[in-house]
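Structure at a glance
What follows is each chain in one-letter form.
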Amino acid sequence: MRDLRVRKATEADREAVVDLLTTAWGGTTVVAHGTVYDATTLPALVAEQDGRIVGLLTYTLADGDLEVVTIDAPVRHLGVGSALLTAAIEVAREAGVRRLWLITTNDNLDALRFYQRRGLRIVGVTPDAMDAARAVKPWIPATGAYGIPLRDELTLELRLDV
């Protein structure tokens, strides 16, 4: 992608961050592994092209790990997601953490392909986790991508201490 740059988000990016989260997640609340996040309060990386934000990754650093909470590249196959994930890996390494990890859902085949091609491995499955997420966000659909019932959370990780 021409002139793609990834940087840490600033307060000046707040409106664009809220817009990206709302478009992708139906709001700024994200539910994963039983945790409810307000993604606007998390550290974030933004991908920018020609002065315009074209992607977002939010994360947490805790217990020696970096968790990717959200990653959004509204226009696919342009390298935005790859650039964001690469930058997150660099943040993780600079922080001295031992792994980068994230949650996705069983229906998200495109994300599973994306992450596995970049070295992440599936390390856990939480059956029926979406039932708990729907208690917080009832608008989460019963059927996800490709007509697959949206039921389970999958944990993927990239070990950085090896």
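Nothing here was measured: the structure is a model prediction, and the numbers come from that model.

1. Details of the sheet that holds strand S9 (residues 153-159)
- One open sheet holds the seven strands; their spatial order is S1-S4-S5-S6-S7-S9-S8, and the pairing between them is mixed. With partners counted over all chains shown, the strands left at the sheet margins are strand S1 (5-8) and strand S8 (121-126), one partner each. Neighbour-to-neighbour, the strand axes of the sheet open up by a mean angle of 30 degrees, direction not taken into account.
- Direction of pairing for strand S4 (residues 44-49) relative to strand S5 (residues 52-62): antiparallel, over a ladder of six bridges. Bridged to Glu48 within S5 is Ile53.
- This element, helix H2 (residues 80-95), spans S1, S4, S5, strand S6 (65-72), strand S7 (99-105) and S9 of the sheet and lies at about 30 degrees to S5.

2. Some points on the side chain of Thr155
- Residue position: Thr155 is located in strand S9.
- Residue class for Thr155 comes out buried when judged on its relative accessible area of 15%.
- Dropping the residues within four chain positions of it, Thr155 is found in contact with Trp101, Leu102, Ile103, Arg121, Ile122, Val123 and Gly124.

3. Comments concerning the UniProt feature "domain: N-acetyltransferase" (unreviewed entry) in the protein
- Taking the numbering used here, the UniProt-annotated feature "domain: N-acetyltransferase" (unreviewed entry) corresponds to residues 4-143.
- Along residues 4-143 the backbone is 32% helical and 36% strand, and the end-to-end C-alpha distance reaches 34 Å.

4. Brief notes about the pattern of salt bridges
- Applying the stated rule across the entire model yields eleven salt bridges.
- One salt bridge in this structure joins Glu48 and Arg7, with 3.0 Å as the shortest N-O distance. Pair noted here: Glu48 is in strand S4 and Arg7 is in strand S1, with a separation of 41 residues, a long-range link. Across the pair, Arg7 and Glu48 agree in class, each one buried.
- Residues Asp110 and Arg76 are paired through a salt bridge, measuring 2.8 Å at the closest nitrogen-oxygen approach. Within this pair, whereas Asp110 is found in helix H3 (residues 109-117), its partner Arg76 is found in the loop between S6 and H2, the two being separated by 34 residues in sequence.
- Assessed through its relative accessible area of 52%, Arg76 is described here as exposed.
- Each of the salt bridges in this network shares a partner with another, and the network as a whole consists of Asp65, Arg98, Arg99, Glu157, Arg159 and Asp161.

5. A closer look at unusual backbone geometry
- Of note in this structure, Asp63 is not a glycine but carries a positive phi near 55 degrees.
- Locating Asp63 in the fold gives a position in the loop between S5 and S6.
- One non-glycine residue, Asp128, adopts positive backbone phi at about 60 degrees.
- As for its placement among the helices and strands, Asp128 is situated in the loop between S8 and helix H4 (129-136).

6. Structural notes on the nonpolar core
- Formed by 28 residues in total, the largest nonpolar core has its most connected members in Leu45, Leu57, Leu66, Leu85, Leu100, Tyr115 and Leu120.
- For this core, the leading source of residues is H2, giving eight residues.
- Beyond its immediate stretch of four places on either side in the chain, Leu45 contacts Val6, Arg7, Lys8, Ala9, Gly55, Leu56, Leu57, Tyr59, Leu84, Ala87, Ala88 and Val91.
- Within the second largest apolar cluster, twelve residues are counted, among which are Val30, Ala39, Val46 and Ile53.

7. Details of the packing of aromatic side chains
- A complete count under the given rule lists one aromatic pair for this structure.
- Taken together, a centroid distance of 5.3 Å and an interplanar angle of 70 degrees make the contact between Phe114 and Tyr115 edge-to-face. Comparing Phe114 with Tyr115, the two get one shared label, buried.

Analysis parameters
- Residues numbered from 1 in each chain as written.
- Predicted model: local features only at pLDDT ≥ 70, side-chain atom pairs only at ≥ 80, totals over all residues.
- Heavy atoms only, no water.
- Pairing = 2+ DSSP bridges.
- Helix = DSSP H or I, 4+ residues; strand = E, 2+ residues; numbered from the N terminus.
- Axes fitted to C-alpha atoms, helices over the stretch in contact; angles between N-to-C directions.
- Contact = heavy atoms within 4.5 Å.
- Buried < 20%, exposed > 50% of the residue type's maximum accessible area, 1.4 Å probe, protein only.
- UniProt positions renumbered as here; feature names shortened; annotations may be inferred.
- Salt bridge = Lys/Arg side-chain N within 4 Å of Asp/Glu carboxyl O.
- Core = buried A, V, L, I, M, F, W, Y, C linked by side-chain atoms within 4.5 Å.
- Phe/Tyr/Trp six-rings, centres within 6.5 Å; stacked < 30°, edge-to-face > 60°.

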